[in-house]
Amino acid sequence: MTNGQGSRCDALADDVLQNICNREALIARLEKLHQHQTSNQPTNQHRVQRLLYGIHNASLAVVESISAWNLGKQEEWYRKKNIEAHADASSSAGSPAVGGANDGPIVGPDERCPFNTYVWNGQNYLQKMLFDLDFVGDIPEAISVLGAGTSFHRNPFLLSLGVGELWWAPSVTTTAWKDTNLPRARQAAFAILLDEHHREERSDGAGVDGASIGRLRRGAAYSATFYPPEIDLAALGVYTDMLDPPPTVAIAICCAHLVLGSVDADVTDKLLYLTKAIALKIFRQPLSGLVCKARAYNPLQPPEGSAHMVKLVSLFIVHPLMDPERMAGVPDEIKYLTVWMRALVNRLVHDGPSKPSSSVDKIFHELDADYQRGQPASKSLGCDDSNKENEFVSRNASVQTEAVSQSKPTTNDTSPRDVLKAMLGEEAEPKQLIPFPVAVTVNLREGSQLVSVNGALKDAAVLHPGDAVRLYDAHESSNWTVATPPTENENGSIAFSLRTAYDHSRIVAQETAARNDVLNRLCYPYKKDGDGTFVHKPPDPLPTSDERTRHVASDASDSIHSPLVVKEAKIWKLVPEDEDMRTKWRREYDDGAVPWDAGQTDDSGQPNRITHFRVRVSLEAIERSCLDSPYPLDRCVHQQRVNFFKSVPLLDVVDEAFHTVCRWHPKGTLVDNVKWAKLSRKMKFLSNVKNSKHEIDMAFVRRNEDRKLDLERFRAIFDDIASIQYPALSKEDALSKVVWASIVMLPDVNAMMWREAKRMAVSVEARRVCAQIRIAALVRRIFRRQDYLTAKRAAITLATHVRQFLARIFVAKLLRAVRADKAYQRRCQCSKTVQTAWRRFFWRSRFLLHLERRAEEKRQRIAATRAELRQLRERELASIVYRDVIRIDSTIAAVTIYFRDESYLEDANSMLLKVYVPSTRETFVFNLEEAAIRKCLEEALFSEGRLAWEEMLKENALKELTKRLMLRVVRGRPIFLFNRRNVVEKGLLVNQRVARADGEVFILSTFRSPREFAFYTYQPSTRRHMKTTLSNAKLRSWLGEPQAEGDVGLLDPMRLGELIDWLVKRVVIRENPQGDNMQLLLQFEAEEERVLKLVTKVQAQWRRLKSLRCAKDKTVRQYEKVYVRENQLFAYRNVDTDERQWVKPKLLGEEDLDEPVDEWRKEETVDPLTGKKCQYYANYATGQSSWLSEEDAARMVQRRYRSKHEVDLLGRKIQLPDIVKAMKFIHGTRAKYEQDPHKLSNAVNFALLVHCLDLDFAKAKPIYEKALQQSPNHPLIARAYGIFLLASRQAPHATCFQMACRLFREANVVDPTQTKFQSAAEIYFHWAVLVDAKNPLALLNFALLHQCIYRKYDHAEKIYRAALALDPTNTFVLENYRLFINERYPGGAYESLGPPFSVVRRSRVTEAQPEWAEWSKMVDPECPKQGMEVFWYNRFTKETRFREPNWNHVWETRLQRSRCVSGKATNWLEYYDTRTQSSFFYDVYTKRFSVHQT
């Protein structure tokens, strides 16, 4: 290879790489934009469109650059073989001179120019382009740009057609891009398909199954679309020697000579059109040149001038007589040669072939006439024209691997694609075969022949090689043939293989079409419509985009999408229909045609939970567990509805059939002879009985009454039919056979039975689940009781041993002191007896008291919980302002409006409108702000001014909000929306006229709907609207009963005009008595309103008179005065209900009740938990009440105070498990250290034990130092040793303090959450305080723990003071406390915002001003740090600060807690602060505060 040629190939490769990188960058940007869309971020449609257009142009550029690179590589191959493209070289080599000087290289029969594959990142890039844009189908903006019907699989150019269809697409194909160059796109599609063809040939040659394309496409016919066929000189030489050859053979060879350039230059130079003589002359050219040219043909670079020749011969090639399927009695080479030339014409002739030419027809007719005249001569050569069609079929069948279809196209205008499909021999699906389910599921991978099985091998053993199966969908799937039987692999998995690679594109296309068909989605949500015909519905949702693809990238800008993977897909085996013994309903179920919610009705009245064995479960969860399973029914864990289908009572089925027939048009309550005849024809009753129609008619005659059947007669007639059809069976068995063979397939009956079967399955499953839960609960209770008893026995044993140990020590001391005393020995026996009796009484009393206390605490908790729930429920019920049931388009919904005041929102009030749909059990919630509510109601009520909340919360006003609800039905699911625009009248406008009232002009419009009349007025002067409605039922009641039978009066549809005039005359427009606007109502409504007002007034007067007579007496007896200590006021107590109120009952008038007596009274109340009466004590004169006596109350207060003080000081109370854990750990620490003192964990634990519990600082120090040397960065050792240094006050003190601080900082870096130190703090430091709370050193360690580790400085100070209270002279505690106090000031290690509260106690106030409110300035006379004597103190919050408070924040806080008392007329508002009990002023304009008004 020369340097120029090598540099040219490198430049072409660089162009390819640059175009690929450009395309991959655009795809990466589109993927990133798609990921932002899936994360609920908005997507710019214009940006998506620009990216798609860029990918379209980049894909074309990539294919063109790869084709140019391939040509360069082929030229390099030519030069390596030293085959130069000139006539001299070919003639000097001895080759026949069949072309001119520029015919190109002539390659030998064994040497064809190889087709090169461009590999990018280890993969053929042209192959990658076929599926790397599959994810575009998940982008809604891309679908809106390219069209809903666009498939993105095998569509790298983002056109409406894929590469397979684009090759054969006409020139007028519409695209989404205005400047699309379709010839350029067709050339690019051809290059991709050519690469795919070569890839299949390499796979076949290597013995590997090609998964991308089926084996049916790997024949000579498919190869002929790219390359000319191998020409047999002996077979075609017979035709060239004929004087009058067949016209199709002559034209085919002639056109091949012209296209391949194997004709002499003197013939083709001035050739403008073909005649019969020229065609025969070219036909008789030597075939050797044609063979050589055909072998050296390069699809990427046709010979020079071939485009002109292709256009010249296009009219001959596309002629109907040249249709390969119509050619009979000709060799296969001629047919394949015609297929190749037709594909070449479709690719190179951009404007398409023109209309059929009469001259071309004339040439064909002349050649055919000559051929017919010379037919005997032709017969002598072996060309028999008899049964040509059968001969073509047999020839074609000999080439294909499988038999071709016998059907032939009936039209003469067959496209090349149709020719290719016919010649590929795609086998039609076997007829009279139906899918039979296999009791397993399979996992599929697109492009793979291997199928993995989920299930048992014996269930999959029904599949044998050669069986036809359907995968994923029983009706939409293609037929696949089993190649190998299911076998179990070494890893336990089961798999079999198909003859062809699995392709999911057909099902994806069907699902895409179903999703795009809006009418199909809305009107046919299930797979079957009302007539029983099938409509498309995917059986199961496809995997998401994340499940379909996975990304494997060699770098950040590269991504490759893997084929689709389908898991848990169903499989059906195709069996002859006569071998299938299933009933029709079972076939529909097995095919997946019965959805889970088939026959679903309104179940709002049914409970959503069920209780068995005192266990309550959710029916919704049970339903999810009972979903249909593809596995055998005897292996299903949960109940299946198909098991209960035949358990539905026969009478229920017959009754449902009766009601279904009654609903047939015309609807009624009885079955007449017409409906019975229709039912018998549809169900084919007595089909196996002679004279069946007569028997059916006679059964109807015997049972009818007035030629109609009621329910009882309908049942009886079915009994008669059953006895006639099955006379040998019993009545019940015969009826069962008739029912299962006929009426169960009525749509409504079938839906009812599936619904009942589902209910029965769910009920049985719920009972089983409840039983399982109950059994599990009983087992858990047994084990928990055993664990509790074990722990209880252990605790009792431990407490017993502790008490025994302490008692033995105490007794030993006493015995040593008085062992020689004889009197003690005499009294000992008596004391033992008394002590035994006393201990028994004491512990029994304490145990009973403990049980009572626990029961009382439990009752109080339950009562508090119930009170809280009751309060929440009452608050929710109290917020309901409106309830109603509405009906919109046969959909019933319950509407509830909740009022939410400013306590829920910060700005204004609002309402919550909830719409509950019983049919779907869904609730739609609409949050209505005050502005939206006010706007809606002011427009609906025609209010001139601003409505108050009292007016908007009225029932008539809130009802206007429900009129703005709209209903949308999406996929059979009702969805409610709230319309914030004006309400539009429903119905037809039947009348419109001008009306006058009170000197005003109104336009009165009358609308009529199927259910009501609506009257709508418009007042031009004020632009107000008014409306009223009249329902049909109210209209009939208003008009009254007709005078004579058959007389409907004004309700006659023919008298609609009179009825409207009559109604319009009775429309009343008057002033609204409840407002200053006008009111529209009908005459009868005005009369009813007047009567209602009179009746209401009379009833109110009577009730008032009657109630006043006895109310005052009852009030005096029912109420008494009680004193409330919290408010220091008297309240009025209801003696019966114990309810209290501050306001004196109004019925008392000016009189008042007597003052309560200062005494304790015993009162009774009822325990809400047990329902028993209990007593308590109350003093209504002082406002005190108690459950206990004075002695019990005093003991309780003392016990609570001691317990609280102990918890505040030492932390939470230790529990029994903590005691057991600590004792076990402490006892094991000493033994482990003695066994292995060099182990780090043993040394650390023992050092903590000696430090915290033994308080032996000298012994602990060397152990700590050794452990620190072994692990200097361990946070536990660092914190423990730091506390030890501070507690032991090691010298020098300053250095030790700095070292301790450094250890604490390093430990916080390694263990910031203190998780590694928590156990040590609980087991050693906390346990030491609990064991010996009177030891100041133990308290010192605990204080240092809170000071240095937890940084709770106030709590540490409390512990310090408690330790000093025990031993004020302890130097360790004193020095640590002084250091702690000094370091709490600013700049210290424990810096605080202010001094501790102990400093406040010894300080005095130096300055307090009214502007400072609760803050004051104080001085510490004993301050150890100079310059920090003065600090600020808040007397309410007990807060201290060294720095001056933020007065703006103080005033804002004070403004929030104060209330405005006066000053609304000026800019200064006066506020009263209840905490400080003082007033201040606030300027609303300048935002200034002052204690004095300026």
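On a predicted model such as this, the values are computed, not experimentally measured, just so you know.

Chemist: So what exactly am I meant to see when it comes to the overall build of the protein here?
Modeler: Helices and strands together make up the secondary structure of the protein, namely 50 helices and 38 strands. Within the span of the protein, comprising 1494 residues, buried residues form 40% of the whole. Counting only contacts in the protein whose residues sit at least 6 apart along the sequence, the fraction spanning at least 24 positions is 58%. Summed over its atoms, the accessible surface of the protein is roughly 85,400 Å², and 52% of this surface lies on carbon and sulfur atoms.

Chemist: What's the story with a nonpolar patch on the surface in this structure? I'm lost.
Modeler: Nonpolar side chains collect at one region of the surface, where Leu798, Val802, Phe805, Leu806, Ile809 and Val1220 lie side by side and expose about 500 Å² of accessible area between them. No other element matches helix 31 (residues 747-818), which puts 5 residues into the nonpolar patch. Mapped onto the fold, Leu798 is located in helix 31.

Chemist: Even after reading the chapter, I still don't get the sheet that holds strand 4 (residues 450-454), so can you show me in this structure?
Modeler: Sheets are built from strands that pair by backbone hydrogen bonding, the pairs being arranged parallel or antiparallel. The sheet built from 6 strands closes into a barrel, its strands ordered 3-4-7-6-5-8 with antiparallel pairing. Each adjacent strand pair in this sheet contributes to an overall mean axis angle of 50 degrees, direction not counted. Bridge count between strand 5 (residues 468-471) and strand 6 (residues 480-488): 2 bridges; the pairing is antiparallel. The partner of Val469 across the bridge, within strand 6, is Trp480.

Chemist: Just checking my understanding: could you explain helix 37 (residues 1056-1065) for this structure?
Modeler: Side chains that are three or four residues apart share a direction in an α-helix, a result of its 3.6 residues per turn. For helix 37, every residue scored as buried is listed here: Leu1059, Ile1060, Leu1063 and Val1064. Summarising the axial view, the buried residues of helix 37 lie within an arc of 130 degrees, below the 170-degree limit, and thus occupy one face. Against strand 19 (988-997), strand 20 (1000-1008), strand 21 (1012-1019), strand 22 (1024-1031), helix 36 (1032-1039) and strand 23 (1067-1071) lie the buried residues of helix 37.

Chemist: Got a minute to help me understand the packing of aromatic side chains in this structure?
Modeler: Two measures describe an aromatic ring pair: the distance that separates the ring centres and the angle between the ring planes. The final tally for this structure, using the stated rule, is 49 aromatic pairs. Between Phe316 and Phe364, the ring centres sit 6.3 Å apart and the planes meet at 35 degrees, which makes this aromatic pair tilted. Taken together, the residues Phe316 in helix 14 (residues 306-317) and Phe364 in helix 16 (residues 358-373) connect sequence positions 48 residues apart. Assigned by exposure class, Phe316 and Phe364 land together as buried. Ring geometry for Trp1412 versus Trp1447: centroids 6.2 Å apart, planes at 15 degrees, classification stacked. You can see Trp1412 sitting in the loop between strand 31 (1404-1407) and strand 32 (1415-1419) and its partner Trp1447 sitting in helix 50 (residues 1447-1457), a full 35 residues away along the chain.

Chemist: I would appreciate a short explanation of the environment of Glu1411 in the present structure.
Modeler: On the secondary structure map, Glu1411 appears in the loop between strand 31 and strand 32. C-alpha of Glu1411 to C-alpha of His1492: the two residues are 81 residues apart in sequence and 9.7 Å apart in space. For Glu1411, the contacting residues outside a window of four places in its chain are Trp1451 and Val1491.

Chemist: Would you explain the pairing of strand 26 (residues 1129-1134) in this entry?
Modeler: Sheet faces and side chains relate simply in a regular strand, where the side chains alternate between the two faces. Across 6 bridges, the pairing between strand 25 (residues 1119-1124) and strand 26 is antiparallel. Bridge pairing in strand 26 places Val1122 opposite Ala1131. Bridge count between strand 26 and strand 27 (residues 1140-1141): 2 bridges; the pairing is antiparallel. Across the sheet, residue Tyr1132 finds its bridge partner in strand 27, namely Gln1141.

About the criteria used
- Residues numbered from 1 in each chain as written.
- Predicted model: local features only at pLDDT ≥ 70, side-chain atom pairs only at ≥ 80, totals over all residues.
- Heavy atoms only, no water.
- Helix = DSSP H or I, 4+ residues; strand = E, 2+ residues; numbered from the N terminus.
- Buried < 20%, exposed > 50% of the residue type's maximum accessible area, 1.4 Å probe, protein only.
- Contact = heavy atoms within 4.5 Å.
- Areas by Shrake-Rupley, 256 points an atom, 1.4 Å probe, with all protein chains shown as cover.
- Patch = residues over 30% accessible without salt bridge, like charges linked within 9 Å, V, L, I, M, F, W, Y side chains within 5 Å.
- Salt bridge = Lys/Arg side-chain N within 4 Å of Asp/Glu carboxyl O.
- Pairing = 2+ DSSP bridges.
- Axes fitted to C-alpha atoms, helices over the stretch in contact; angles between N-to-C directions.
- Arc of directions from axis to C-beta.
- Phe/Tyr/Trp six-rings, centres within 6.5 Å; stacked < 30°, edge-to-face > 60°.

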